[in-house]
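Here is what each chain is made of, one letter per residue.
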Amino acid sequence: MARRYISDLNWNDVTPRALYLNRRQLIGAGGAALGAGLIGGATAAQGELTPNSWDEITSYNNFYEFGTRKEDPARNAHTLTTQPWSIVIDGLVDNPGTYSMEQIVEGMTIEERIYRFRCVEAWSMVIPWNGFELADLLTRVGVQSGARYVAFETALRPDEMPGVRLPVLDWPYREGLRLDEAMHPLTLMATGLYGEPMPNQNGAPIRLVVPWKYGFKSIKSIVRITLTDTEPHATWNATQPQEYGFYSNVNPTVDHPRWSQATERRIGDGLFASRIPTLMFNGYEAEVASLYEGMDLTAQF
Ligand code: MTE
């Protein structure tokens, strides 16, 4: 049930909402073990996560192309044209080209993944994404042996994105991962949430989700993916390198220079709710710690 092969569906036809709700009820009734099994591909702990509501996830956003306030993307992002959509995949790949969304999702396994999402601003949510593993896409285009990093770029459309008319960031928004991070099975290309197509404010039609890293690594509305041998330009890292490292792994023991990262405020819990402890690698330590063995995480933050 959790895994669907979508060769006969189009890219925004992800898990129907009714099926999704049905599954949530099952999880509620059956407990964590059943939940984890139904979610599939996820760790046991994720079966216990309770997602934030649709309204919370779609009304409190960071998408500076549509304004810098949390409510701006929900208000402004409807102007983004998401169909047709294509992604240029280039650099050190065997099959470079411009791929339509239909070509990209063809044959991909669209799964539901309920992930913790931790923003660098010390708030968090739990989000039920729908998507496929980035590794599957990279394998399909053929990664060449010299590739060490993956660079991503968001669309830059001044006509549709009021925020990019101001030099708030060095547009287009760009991000990057080391190749082993990109190939990790937790790294998702998300095409929807709650079984619905991705809302524009959350990065339609396709965005990255890297659940053990601060939210700004999860770049939205991607139009270019480049395999490269050098560390890619990453927007926040380039803007304030002393505040935002290239890795940006969630780490409660390494504070941001201007605030603590030891705790977080869970969106939806109310302003007076107590903060909860932030977990190493956002709770995905067992899955990803080995990627960083031997690295000094205070220096390479
Ligand atoms: N991607 C683009 N293109 N522009 C942005 O401003 N903001 C990042 C990230 N991806 C951002 C982006 C930040 S800071 C966060 S916390 C997440 O998107 C927010 O994702 P959400 O709105 O789906 O929760």
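Anything mentioned here points back to the structure above.
Counting from 1, residues in each chain are numbered in the order their sequence is written. Residue-level local features of this predicted model are given only where pLDDT is at least 70; pairs of side-chain atoms are given and counted only at 80 or more, and the full residue set underlies all totals for whole chains, interfaces and linings. Heavy atoms from the whole structure form the basis of all side-chain values; hydrogens and water molecules are not counted.

Put simply, two rings from Phe, Tyr or Trp (the six-membered ring, in Trp's case) pair if the centres are within 6.5 Å, and we call them stacked under 30 degrees between planes, edge-to-face over 60, tilted for the rest. Summed over all chains, the structure comprises 12 aromatic pairs. Judged by centre distance (5.7 Å) and plane angle (75 degrees), the ring pair of Tyr64 and Trp236 falls under edge-to-face. Taken as a pair, Tyr64 in the loop between helix H2 (54-59) and helix H3 (72-76) and Trp236 in helix H7 (residues 235-239) lie far apart in primary sequence, 172 residues in all. Per residue, the accessibility class of Tyr64 equals that of Trp236, and both read buried. With centroids separated by 5.3 Å and ring planes inclined at 65 degrees, the aromatic side chains of Trp236 and Tyr244 adopt a geometry described as edge-to-face. Note on Trp236: relative accessible area 17%, which makes it buried. Counting every residue linked through ring pairs, the aromatic cluster contains Tyr149, Phe246, Tyr247, Phe281 and Tyr292. The ring of Tyr60 is capped by Lys70, whose NZ or CZ atom sits 5.8 Å from the centre of that ring. Above the plane of the ring of Phe246 lies Lys217, whose end atom (NZ or CZ) is 4.3 Å from the centre. Under the scheme used here, helices are H or I runs from DSSP no shorter than 4 residues and strands are E runs no shorter than 2 residues, and both carry numbers assigned from the N terminus. Three labels apply to residues, based on accessible area from a 1.4 Å probe with only protein chains included: buried if under 20% of the type maximum, exposed if over 50%, partly exposed otherwise in between. Geometrically, a lysine NZ or arginine CZ counts as sitting over a ring once it is within 6 Å of the ring centre and also within 35 degrees of the ring normal.

Another point: the site of the ligand. Taken together, the neighbourhood of the ligand is formed by 16 residues, with Asn61, Tyr64, Glu65, Ser218 and Lys220 sitting nearest. In the environment of the ligand, an oxygen atom lies 2.8 Å from a nitrogen or oxygen atom belonging to the side chain of Asn61. Under the rule applied, a polar contact is a pair of N or O atoms within 3.5 Å (in protein, one hydrogen donor and one hydrogen acceptor; residues adjacent in sequence only if both atoms are side-chain atoms). Interatomic distance of 2.8 Å between a backbone N/O atom of Tyr64 and an oxygen atom of the ligand. Taken by itself the ligand offers 540 Å² of open surface, and the protein chains cover 98% of this. Any residue with a heavy atom positioned within 4 Å of a molecule or strand is treated as near that molecule or strand. Calculation of accessible area relied on Shrake-Rupley with a 1.4 Å probe; when residues are assessed, cover is drawn exclusively from the protein chains displayed.

Shape is all these values report; function is a separate question.
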